[in-house]
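Structural overview
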Amino acid sequence: MTMTSSTKAPEIGVPHTAHRARVRPSRFKPGAGKQLQGGPFAYIALAVVGIGSILPLYWTLVAASHTQDEVLASTPPFLPGGRLVHNLDAAWNQAHLGKAIVNSVIVAGCITAATLFFCTLAGYAFSKMRFRGRSGLMAAVIATLTIPPQLSVVPLFMMMSDIGWGGNLESVIFPTLVSAFGVFFMRQYLSEALPYELIEAAKVDGANNFRIVLSIVLPVARPAMTVLGMLTFVQAWNDFFWPYLALNQQNPTLQVALGQLSASYTPDQSIVMAGALISTLPLLVVFVIFGKQIVGGIMSGAVKG
């Protein structure tokens, strides 16, 4: 029996499905999955943002390395001078920055550790635990963010005086052991990053709440805790308003001590800038040491398995 001209035998060795796959249009566009490349506009924008971010720090360094007359001249200097060590030593001795730095480390460290602990526990409770009044309590926590902190200064000052903590570091640490923003931040993160299946599996295995928090919640919440810890530490380190009211000149934090440098009738701006440079260096060290961990934590939290 002969084959007609319209009938074509299939090619030997080529499956029929593979032949159909070759003619099926691809669902992906050419170049999909490749890393995006920035154009000239992106590089220009990044350069402008980078220069704008570094310029204040560079000017602080320049002003701290010159005399006040040179800083306040009609044509200010644009390059660092040779009086940096002298001005740093003068700022260190005049404002007693050694004790102030120790106080700031204690205050910022205690506030950061307590905020991470309490906010993580509260965020876990609000996101994964069921109890009466949960929505109302969460709404009350969020509502406190709308209250200006200046409104609570007078009652808080009176409370600290009645307790006997006036002028002590406890009056700065204890009112800020937990933050409404931290509770909301950890609650939103754990709501998405922590699945109920892990908690239920741990309960089936006989784990109590303490074990669940230690073995499941803390590892999952580590990226968010890293970001919250950095934000809290920077805020506590740079806080001036409440420590200025609660502490005295004999027991200041770093920002209060720097305020004393510029509180005189004719402050030396070069020495003030030297003190500001001293207060900035610890934050730069923290960012250099933990910068990669913060970025890595954010990225690991953003990638879902």
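One can find the structure itself at the top, above this paragraph.
Description of the structure in this document. (Residues numbered from 1 in each chain as written. Predicted model: local features only at pLDDT ≥ 70, side-chain atom pairs only at ≥ 80, totals over all residues. Heavy atoms only, no water.)

Some points on the layout of surface pockets
Quick note on the threshold: The pocket and cavity definitions rest on a 1 Å grid over protein atoms only: a 1.4 Å probe that fits but cannot leave marks a cavity, an open set with protein on both sides within 12 Å along at least five of seven lines marks a pocket, and residues lining either have an atom within 4 Å of a point. Grid points are joined across faces, edges and corners, and a volume is the space filled by probe spheres set on the points. Runs of H or I in DSSP of at least four residues are treated as helices and runs of E of at least two as strands, each being numbered from the N terminus. In the scheme used here, Gly and all other residues not listed as nonpolar or charged are polar, with Ala, Val, Leu, Ile, Met, Phe, Trp, Tyr, Cys and Pro taken as nonpolar and Asp, Glu, Lys and Arg as charged.
Of the pockets and cavities examined, the largest pocket occupies roughly 1,000 Å³. Considering the residues around the largest pocket, the lining is formed by 26 residues, among which P149, P175, T176, S179 and Q235 are closest to the centre. Going through the elements one at a time, helix 5 (97-128), helix 7 (153-163), helix 9 (180-193), helix 11 (209-238) and helix 12 (241-246) are the ones with two or more residues in the lining of the largest pocket. At 5 residues, helix 11 tops the list of elements feeding residues into the lining of the largest pocket. Taken together, the residues of the lining of the largest pocket break down into 17 nonpolar, 8 polar and 1 charged.

Regarding the nonpolar core
Worth spelling out the cut-off: In plain words, nonpolar cores are sets of buried Ala, Val, Leu, Ile, Met, Phe, Trp, Tyr and Cys residues tied together by side-chain atoms within 4.5 Å. When a residue's accessible area, from a 1.4 Å probe over protein chains only, is under 20% of the maximum for its type it is buried; when over 50% it is exposed; and in between it is partly exposed. When checking whether two residues touch, look at their non-hydrogen atoms; a contact exists if any pair is within 4.5 Å.
Counting residues in each nonpolar core, the largest one holds 34 residues, and the members touching the most others are L97, W237, W242 and L261. Looking at this core, the elements that each hand over two or more residues are helix 4 (84-94), helix 5, helix 7, helix 8 (170-173), helix 11, helix 12, helix 13 (254-261) and helix 14 (269-302). If one sorts the elements of this core by residue count, helix 14 sits on top with 7 residues. Excluding anything up to four places from it in sequence, L97 contacts A91, W92, L254, A257, L258, G275 and I278. Counting 20 residues, the second-largest nonpolar core is a separate cluster that includes M186, A202, V217 and M225.

Description of the environment of T67
Examined against the element boundaries, T67 turns out to sit in the loop between helix 2 (40-64) and helix 3 (68-71). For the pair T67 and S270, spaced 203 residues apart in sequence, the C-alpha separation works out to 5.9 Å. Every residue in contact with T67, bar those within four places of it in the chain, is listed here: R83 and S270.

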